Amino acid sequence: MKMIKSYVAIALTVLAMSVTSCMQPVEGNTPSDKEPAPSPITPDMINWEACKAEPGEYYIIFNSLPQEANMLYVKAVYNVDNGDEIIKSMSVYADTLKLEGFGTQPSYDVDLYAVSRRGSESEKLTITVEPLEPSVSVVGRTITVQGSFSSMLVNCENPQRKNLDIYVDLKYFDEQTGREISVSKVNTISGLDSVKTIVIDDLPGGWYEVSSYVGDRYGNVSEVVQHDGTEVIKDEPILGKVNERKPELGDFDPTSQDPRVWSFIDDSRLWGKYRWMDNETNEFVLDPSKADLYVKGGMRNAQASFGAGKIQYFFDGQTEEATGDDNASRFITGITKYAGVNGYWAYPYSYFFDLGRTVELSRVTVHQAIGVKYSMYSTKTFELWGREEMEGDDEEGADLLSGWFQLGTYTIEKPLTESDQNAMFKKGHTFQVKESENGDPLLADPIRYLWFRGIEDFDPGKPAKVTVDGVQVEVPGSPYQGQLAEITLYGVDSYEE
């Protein structure tokens, strides 16, 4: 038995030695896990007439490639201005190899390899390419800056739709400290932006020295451009105030002596003499001459309260920060009915407010609600309408249905990344209320009353079909609600202590 075990041990040892010997490569031979490299790329495989130079880029167009069956892709290796080595590839099934990241040099050497399925590389072919000036230079020359209300507008063009960083350096004299203050800002533009306006806000009023330049992820930067002196105009928030006579913010109190009290204009006050109670039916009746105004999105408020939402929360100074806790500081329009059926498109919707005094608006900031940011229910596009104060507005028989004029239409843009979305959710989205033809900051015409009109959300639903009076009609589908958390107005306030 011991002899049998000895023979087995000897046999296993010999087998192991044999396998080990087979795995040792012989000098000058290709290891067994490699395969022959494809034939090298040759100059005649490139369609030189079709090759194209772009800003910071070069496109190599091939009319043929090595014909070996194991050929998988073409690899390009080159160095950009900061010394980094860049590797780009093109599938054997394509004909265009895109090279990018080039800077200001007139030409660059590029090594081309044919690569097999197991990674074996052919001998290299070195070619010289001459791209156009980099995208950072193209975009850098388009940058303009313009002073606005407590902010500065930075405009640029991005014709190639590249992901780039816009750097803006600001200097201003702080009269309170007697010192010159320097502020640096960086903002990203993306492949979605052919034209971009960047808002640098929360700036003190005064004159600024401004310079700018553009950078990309390859370390290329444009020349620094010095802009003309730019003036920032300071504006102030148009604050509401809790009505001390009534505990709930926003209840209209015609006896209040404080003009800073905001209030929600409900339908009974909005319609005034054009709406009355029918004693027989115990229902409100509208003046037939004005009844066509009482439509969703017209001279008719959406629900003042629904679930945890209340329209007064829209101007109570409380936002819903991205903490995951819903503090119910939002309005919810409620479920909209169509032909008596619940659950149809909530947009457009309207809400009306009394600011309590005359103001001239400069900017408006809106905040979204937790849980619906940049998604269904959250209002994406809205309009602002205004109406100035008229004699007799607070008297019985006042006509609040007339005299409204549109201030503007505004759309919340969804940032690309989740981190940017969270930052903008907390910060809110700010719009200049009135824009001039040349972009100069302008105050809107004086108003006392504000009409907020929701137009569209971030996720419009598909149309639905319902039957009305025996006829099937198509109506917009979900979402069934509109929601926002807070509105803040800025401008010039007529109120003085």
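Residues numbered from 1 in each chain as written. Predicted model: local features only at pLDDT ≥ 70, side-chain atom pairs only at ≥ 80, totals over all residues. Heavy atoms only, no water.

Let us now look at the side chain of glutamine 481. Along the chain, glutamine 481 falls in the loop between strand E32 (471–475) and strand E33 (483–484). The buried category is assigned to glutamine 481, whose relative accessible area is 13%. A polar contact of 3.0 Å, which involves the side chain of glutamine 481, links it to the side chain of glutamine 483. Apart from residues lying up to four places away in sequence, glutamine 481 is in contact with Phe306, Ile332, Thr333, Gly334, Ala346, Tyr347 and Tyr377. (Helix = DSSP H or I, 4+ residues; strand = E, 2+ residues; numbered from the N terminus. Buried < 20%, exposed > 50% of the residue type's maximum accessible area, 1.4 Å probe, protein only. Polar contact = N/O pair within 3.5 Å; in protein donor to acceptor, adjacent residues only side chain to side chain. Contact = heavy atoms within 4.5 Å.)

Moving on, we get to the sheet that holds strand E2 (residues 57–61). Reading across from one edge, E1-E2-E5 is the order of the 3 strands in this open sheet, with antiparallel pairing throughout. Each edge of the open sheet carries a strand with a single partner, namely strand E1 (52–54) and strand E5 (96–100). The average angle at which neighbouring strand axes cross in this sheet is 15 degrees, direction not considered. The pairing of E1 with E2 spans 3 bridges and is classified as antiparallel. Residue glutamate 54 lies in a different strand from E2, and its bridge partner there is glutamate 57. (Pairing = 2+ DSSP bridges. Axes fitted to C-alpha atoms, helices over the stretch in contact; angles between N-to-C directions.)

We now examine the layout of surface pockets. The calculated volume of the largest pocket comes to roughly 1,600 Å³. Taken together, 43 residues make up the lining of the largest pocket; nearest its centre are Lys196, Thr197, Ile198, Val199 and Met424. Listed by contribution, the elements that provide at least two residues to the lining of the largest pocket are strand E9 (151–157), strand E11 (179–189), strand E12 (195–201), strand E26 (405–411), helix H4 (418–427) and strand E27 (429–432). A total of 7 residues in the lining of the largest pocket trace back to one element, the largest contributor, which is E12. The class makeup of the residues in the lining of the largest pocket is 15 nonpolar, 17 polar and 11 charged. Empty space within the second largest pocket amounts to approximately 430 Å³. (1 Å grid on protein atoms, 1.4 Å probe; cavity = no way out; pocket = protein on both sides within 12 Å on 5 of 7 lines; lining within 4 Å. Points joined across faces, edges and corners; volume = space filled by probe spheres on them. Nonpolar A, V, L, I, M, F, W, Y, C, P; charged D, E, K, R; others polar.)

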